[in-house]
Structure formats: C-alpha cells, structure tokens
Amino acid sequence: MTPQQARDAIAGALRKIAPDADPATVSPDADLRDALGLDSLDFLGFVEELSQRAGRRIDEDDYPQLATLASTIKFLSRS
Amino acid sequence: MPSLGADMDEGTLTEWLVKPGDKVHKGDIIAVIDTAKSAIEIESFHTGIVDRLIVPVGETVPVGTVLATITPPEAEAVTTAAAQPVTVPAGPVTAAAKAEAPPKVTGEQPAEAASPLIRQLARRLGVDLTAVRGTGRAGEITQADVRRAAAAPRPAPAPAPVTREKPGVAARQPVTPLARRLAAELGVDLAAVTGTGPGGAVREGDVRRATAAGQPTAPAAPLPRQAPERAARTAAERALAMRQAIGRLMARSKREIPHYYLSNTVDLTAVMNWLHERNRELPVSGRLVPAALLLKATALALRRVPELNGYWQDDHFNPGDGIHLGVAISLRGGGLVTPAIHAADSLTVAELMGSLKDLVTRARAGRLRRAELTEATITVTNLGDQGVEAVFGVIYPPQVALVGVGRPAERPFATSGLVGARPVVVTTLSADHRATDGFTGARYLTTMADLLQRPEEL
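Residues numbered from 1 in each chain as written. Chains lettered and ligands numbered in written order. Predicted model: local features only at pLDDT ≥ 70, side-chain atom pairs only at ≥ 80, totals over all residues.

1. So, the overall build of chain B
Reasoning step 1: If you tally the helices and strands in chain B, you get twelve helices and 20 strands.
Reasoning step 2: Relative to its 458 residues, chain B shows a buried fraction of 46%.
Reasoning step 3: Within chain B, counting contacts between residues at least 6 apart in sequence, those at least 24 apart form 65% of the total. (Helix = DSSP H or I, 4+ residues; strand = E, 2+ residues; numbered from the N terminus. Buried ≥ 20, exposed ≤ 12 C-beta atoms within 10 Å, placed from the backbone. Contact = placed C-beta atoms within 7 Å.)

2. Points about the overall build of chain A
Reasoning step 1: Broken down by element type, chain A carries four helices and zero strands.
Reasoning step 2: Taken from N to C terminus, the helices and strands of chain A fall in the order α-α-α-α.
Reasoning step 3: Out of the 79 residues in chain A, the part that is buried amounts to 30%.
Reasoning step 4: Summarising the internal contacts of chain A: among those between residues at least 6 apart in sequence, 64% fall at separations of at least 24.

3. Topic: helix α9 (residues 290-304) of chain B
All names here are of chain B.
Reasoning step 1: Between its terminal C-alpha atoms α9 stretches 22 Å, which fits the 21 Å expected from 15 residues at 1.5 Å a residue.
Reasoning step 2: Of all 15 residues in α9, twelve are buried; the element is thus mostly enclosed.
Reasoning step 3: Residues of α9 that are buried: P290, A291, A292, L293, L294, L295, K296, A297, T298, A299, A301 and L302. (Expected span 1.5 Å × (residues − 1).)

4. Some words on the confidence of the model for chain B
Residue and element names in this part refer to chain B.
Reasoning step 1: Averaged over every residue, the pLDDT of chain B is 77; residues scoring 70 or more account for 71%.
Reasoning step 2: Taken together, the stretch residues 76-113 has pLDDT below 50 and engages in 87 contacts with residues farther than four places along the chain or on a different chain.
Reasoning step 3: Overall, residues 214-231 carries pLDDT values under 50, and its contacts beyond four positions in sequence, including any with other chains, amount to 35 contacts.
Reasoning step 4: This complex was scored by the predictor with a pTM of 0.63 and an ipTM of 0.80. (pLDDT = per-residue confidence, 0-100.)

5. Things to note about the nonpolar core
General note: in soluble globular proteins, nonpolar side chains tend to be found buried as a group.
Residues and elements named next belong to chain B.
Reasoning step 1: Formed by 98 residues in total, the largest nonpolar core has its most connected members in L295, L325, L356 and A401.
Reasoning step 2: For this core, the element with the most residues is α9, which contributes nine residues.
Reasoning step 3: Excluding its chain neighbours within four sequence positions, the residues that come into contact with A401 are L308, I378, I395, L429, S430, A431 and D432.
Reasoning step 4: The next biggest cluster of nonpolar side chains, apart from the first, holds nine residues, and it includes A179, L190, V202 and A365. (Core = buried A, V, L, I, M, F, W, Y, C linked by C-beta atoms within 7 Å.)

6. Here's the deal with the environment of P455(B)
All names here are of chain B.
Reasoning step 1: Considering the arrangement of structural elements, one finds P455 in the segment after α12 (438-452).
Reasoning step 2: Judged by the 22 C-beta atoms lying within 10 Å of it, P455 is buried.
Reasoning step 3: Along the primary structure P455 and A297 are separated by 158 residues, whereas in three dimensions their C-alpha atoms are 8.7 Å apart.
Reasoning step 4: If sequence neighbours within four positions are ignored, P455 has contacts with A270, V271, W274 and L293.

7. Things to note about the sheet that holds strand β4 (residues 39-43) of chain B
Reasoning step 1: Strand order across the open sheet formed by five strands is β6-β1-β3-β4-β16 (chain B), with mixed pairing between neighbours. Each end of this open sheet is capped by a strand with a single partner; those strands are β6 (60-62) and β16 (368-369) of chain B. (Pairing = 2+ DSSP bridges.)

8. Topic: the interface of chain A and chain B
Reasoning step 1: The interface is formed by 14 residues belonging to chain A together with 17 residues belonging to chain B.
Reasoning step 2: The element that contributes the greatest number of residues to the side of chain A that touches chain B is helix α3 (residues 40-54) of chain A, accounting for six residues.
Reasoning step 3: Residue composition of the side of chain A that touches chain B, by class: five nonpolar, two polar and seven charged. (Nonpolar A, V, L, I, M, F, W, Y, C, P; charged D, E, K, R; others polar.)

9. Focus: the pairing of strand β7 (residues 68-71) of chain B
Residue and element names in this part refer to chain B.
Reasoning step 1: Residues A68 and I70 of β7 are buried on one face, and the alternating residues T69 and T71, pointing to the opposite face, are buried as well.
Reasoning step 2: Pairing geometry for strand β5 (residues 48-53) and β7, over four bridges, is antiparallel. In the sheet register, R52 faces β7, and the bridge partner there is T69.

10. Topic: the packing of helix α1 (residues 3-17) of chain A against α3(A)
All names here are of chain A.
Reasoning step 1: Interaxial distance between α1 and α3 falls to 9 Å at its minimum, and their mutual angle equals 140°. Considered as vectors, α1 and α3 are oriented oblique to each other. Every pair of crossing elements has a handedness; the one defined by α1 and α3 is right-handed. Here A9, I10, G12, A13, L14, K16 and I17 of α1 lie close against α3, whose contacting residues are D42, G45, F46, E49, L50, R53 and A54.
Reasoning step 2: Taken together, the residues of the contact of α1 with α3 break down into eight nonpolar, two polar and four charged. (Axes fitted to C-alpha atoms, helices over the stretch in contact; angles between N-to-C directions. Parallel < 35°, antiparallel > 145°, perpendicular 65-115°, else oblique. Left-handed = near helix turned anticlockwise from the far one by under 90°.)

11. Things to note about the pairing of strand β20 (residues 418-432) of chain B
All names here are of chain B.
Reasoning step 1: Alignment of strand β9 (residues 259-267) against β20, held across nine bridges, turns out to be antiparallel. Bridged to S263 within β20 is T428.
Reasoning step 2: With five bridges joining them, strand β18 (residues 401-405) and β20 adopt antiparallel strand pairing. In the sheet register, V405 faces β20, and the bridge partner there is T427.
Reasoning step 3: Where strand β19 (residues 409-415) meets β20, seven bridges bridge the pair, whose relative direction is antiparallel. Residue pairing across strands places P412 opposite A421, the latter belonging to β20.
Reasoning step 4: The hairpin turn running from β19 into β20, its antiparallel successor, is two residues long, and S416 in that turn takes a positive phi close to 50°.

12. So, unusual backbone geometry
Residues and elements named next belong to chain B.
Reasoning step 1: The omega torsion of the bond from P397 to P398 falls at 0°, within 30 degrees of zero and hence cis.
Reasoning step 2: Position of P398 relative to the elements: it lies in the loop between β17 (378-382) and β18.
Reasoning step 3: Located in the positive-phi region is S416, a residue other than glycine, with phi close to 50°.
Reasoning step 4: Topologically, S416 is positioned in the loop between β19 and β20.

13. Points about the confidence of the model for chain A
Reasoning step 1: Chain-level statistics for chain A give a pLDDT mean of 87 and a share of 99% at 70 or above.
Reasoning step 2: Confidence scores differ between elements of chain A, with helix α2 (residues 32-36) of chain A showing the lowest mean pLDDT of 85 and helix α4 (residues 69-77) of chain A the highest of 92.

14. Let's talk about α3(A)
Reasoning step 1: Taking 1.5 Å per residue as the helical rise, α3(A) with its 15 residues ought to reach 21 Å, and the 21 Å between its terminal C-alpha atoms agrees with that figure.
Reasoning step 2: Listed in full, the buried residues belonging to α3(A) are L41(A), D42(A), L44(A), G45(A), F46(A), V47(A), E48(A), L50(A) and S51(A).

15. Brief notes about the packing of α9(B) against helix α10 (residues 349-365) of chain B
Residue and element names in this part refer to chain B.
Reasoning step 1: Interhelical geometry of α9 versus α10 gives an angle of 110° and a closest axis separation of 9 Å. Overall, the two elements α9 and α10 adopt an arrangement that is roughly perpendicular. Once α9 is placed against α10, the crossing between them reads as right-handed. Contacts between α9 and α10 involve A291, A292, L293, L295 and K296 from the first element and V349, L352, M353 and L356 from the second.
Reasoning step 2: A per-class count over the contact of α9 with α10 returns eight nonpolar, no polar and one charged.

Next up, the structure:
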C-alpha cells in the first residue's frame, strides 16, 4: 500500500465506524482513540474495516502501531 | 403507546410500517416511535389484521394511548361485511393494551409490571397477558386471572413469546432518525439514497449528498413509509428532552433508593491471556474484547447471587424472569440508552460479543426494540473505555443493582508476596439496601472475580 492508499483506507474505515468524526481535524500524532472518542468496540470495528481494505490480517499484537494516524499510515504502507 | 421505561411519559409516532388490511404476527415490528431517548421499533402484541391506524405519523401522544386496532384472525372473517370490528371480548385488541395494564402503585412503574411470577405462569400456560383483565388490587393481574384466561377458549393460540429477536428482523433499509427527518424536510426520497452508515444505514450526510447531487426531490413516499409531517424536534430540543428524562429518572433513583457501594480489584491476567490466544485464531470480525467476558461473568455471578437480579416493587423484591443485562451505551452527541441483552447467562462469549456489537450499532443508529428497553433486570455500565478506573453508578429503578466496570489496565499487584505488573480491573456494585445488604453484594463481587480467574469456563 502506498501512503496515500493507506490514508484513504483509514479515512474510509473511520467514515464507516464513526461517521460523525472528522479525521481531517485529528493531528497525525494524536492518539486516535482519544481524539475521536472511540471505545473498544469502535476500535475493533476500525481494525476490521482496515483489515478488509488493506487485504491483510491485523493482529492484536499490531494494535500499538495503530495508535496514531501517522503510525497507522506507516504500518499499512510497510507491507 | 407502550411505556419504554420508567422515565417515559409520551412518545411521537414517526413511522408506520404497516397499513390497514395488513396481516401482522405477534412480535412483528409495526411502527417506529421517537422518545426523548431515541427512536424505538415497537412490535405488535397480537396476531391479526390491522384494522385502523389511529395515531397519525408525527403526532405526540401520552403513554397508554391506543395507536392502532388489530382484528384477531377469526373476528376478521365475520366482520368483513360489518366493516367495523366487533368490540366484544374477541374484538380488536389494541397495540397499546400492554401499556394500560400496569398496576400503578408507585405511579411510575414500567408497563410490564405484571409480577415476574405472573409472567412466568402466563408464559407456561400460553396466556397473552395483554388480553387478561386484572381483578387484583389496582387492576393487578392475579394468578387466578391467568389460569382463568388459560382455561377459556381463546381467539387464537398464543404463539410462543418472543424473548429474543434475531437482529435484522425487518429487512428494510435502515435510516437514522435524523436522516429521516432531514429527508422529510428536504423532500428526498429515502429509497433512492445510498446509505454509508453501519449496515448500509442512511445517515444525515447521505441525505445531504443526495440533495447536492441534484436528485429529483420527490414528495415523501406514500403510506406506509410516510415521513413525519410535523416539524421534527431539533437536535437541541432532543438533547434537552433526553437530559430531562435522564434527570427525572436519576433523581427518582437517588430519592427513593438507599444505595450502597462496593468495589473490588480483579486480576485479569487469565482473561487477557485467554483472549489473546483466542483472538489469534479468530477472524478479525469474530475477535473478542474484554467487555464480552466481563459481561458473561456479570451474568453468571447473578445466577449464584440472584438477590441482585430483579426489581424492588410494592415494598418487596421481585426476582427477574431471566438474567437480562441492560448495557449502558453512550450515544454520540450525548445521552445514553441501556438496552438489554436477554438471557445473557445462557449465551456463549462469542454470542454475547455479537449481541453487544449489534446493540451498540443499533442504539447509535436509533434502531432499538421495545423489549430491549423495558426488560433489563440489572444494568451494567462500562465507562472503562473512557479511561476511568472505577464507576459507581446510579441504579435504574425499579432494578436493585448496577454493576460498574472500569478500565482494564496494568497496575502493581501483589501475589504470593511478590509485587508485579498485572492487568487489573476495578469492578463495582451499586445496590439497593432495601433489597440486599452489603454481605450479599460482597458475595456477588467476589463470585464475579472468581469466575474471571477461569475464563475458559465462561
């Protein structure tokens, strides 16, 4: 995935699970869950969506790398 | 208009899903009503033919108002010529009959206030309580009434009561209440809008996009998908109404219920390890969160300490007719609802997880069902996701207890004389001192902690 594809995947996933949240307002290094008020179920939904869009499994062990927008983009574009 | 909780005194009919002449079965979703809390799908309490829709879309009516009349199957055959349904015993039964039944003693009980014993008896004998006339104190339905009704010939055999509905009973396109109102205001045909919300739900933004895209604005679809005519409540009004409803209920709780509070710190090492192993094998969509295990332990512990599961009514404790966990769900934009997961103790952890996801999605999309909002026997609140260590909740009357779950986090924890970092969670109990004493409450929290040490058995 290119960083741009990763960005699109994240935006798409967020639109689906938290339609009222606007990822454009979140700073790249802010904690995503805090910034968007995602609870554990929301976050799981986010991971599900990302995993689908990226076409790869995302394990719980990978969660720390999904903490911020910047780290998520990095994580997704690494593979 | 059924009562959907002790805090509701009126509701607005926002949508009819049936029209006169339609055949409905007991349990079918027939209308959507808007309360201070959210839009709720209500089901028919009877099987028969819809005779007349009495309350028009957009009208706000008090609890207990007849919404529609339904003619039972046999009566329909004999009354086609008469055009008007007969009003003798087998005559039209009202969709709202259930709401008129409560033996009003404290004045504010939820509608299904027939005691659990009576409800169990009725279920066993296949009696529809909404059709039973109570002869007890304040019109209360007595065991004798139920037995009489069971012995009498009935217009139609009562189908098995619907206690758990499968999600997605109505295969309609889901639409959030806000989107629905907006569509009505802008004259957008919802059937032509593509939903981007959960499960394809049409949301506010979808409607706006549809207008921006120059979709030919059609007048609102004809019956039964009629849009509200009345100018709908604004978001601010709705938020205020919800605050007031929550305020009334919580003030009543604190006024009437002598709360006592207990807390316990529970080692979650076993739970976290078990989850980690399981989730590694499960597909992402089937992945479990700690909340599912915590809910299961909450429910199972109630089996062992049933004194906390039920209602305080008429100066005595009425045990619940099952373990129905009301789960507090915060709504985006403020407020909360506490829909129930029925018979949570008999669900597997995976099923509980599914129910939880489904409830949260529907609560936020404004698509809950009546039974989910009225039948909880205890409430569980999980503020842990918001980062707090512990939550001491306010009991939801007439329930007698509320379980709080804080944020699972690593903390220094001593075991066998050694301090180490372990994942722990603080569980709390707020309980009604009229129904139980601290001893019972303590037994409950320790039972729950014990169960969480053996997650594989949950």
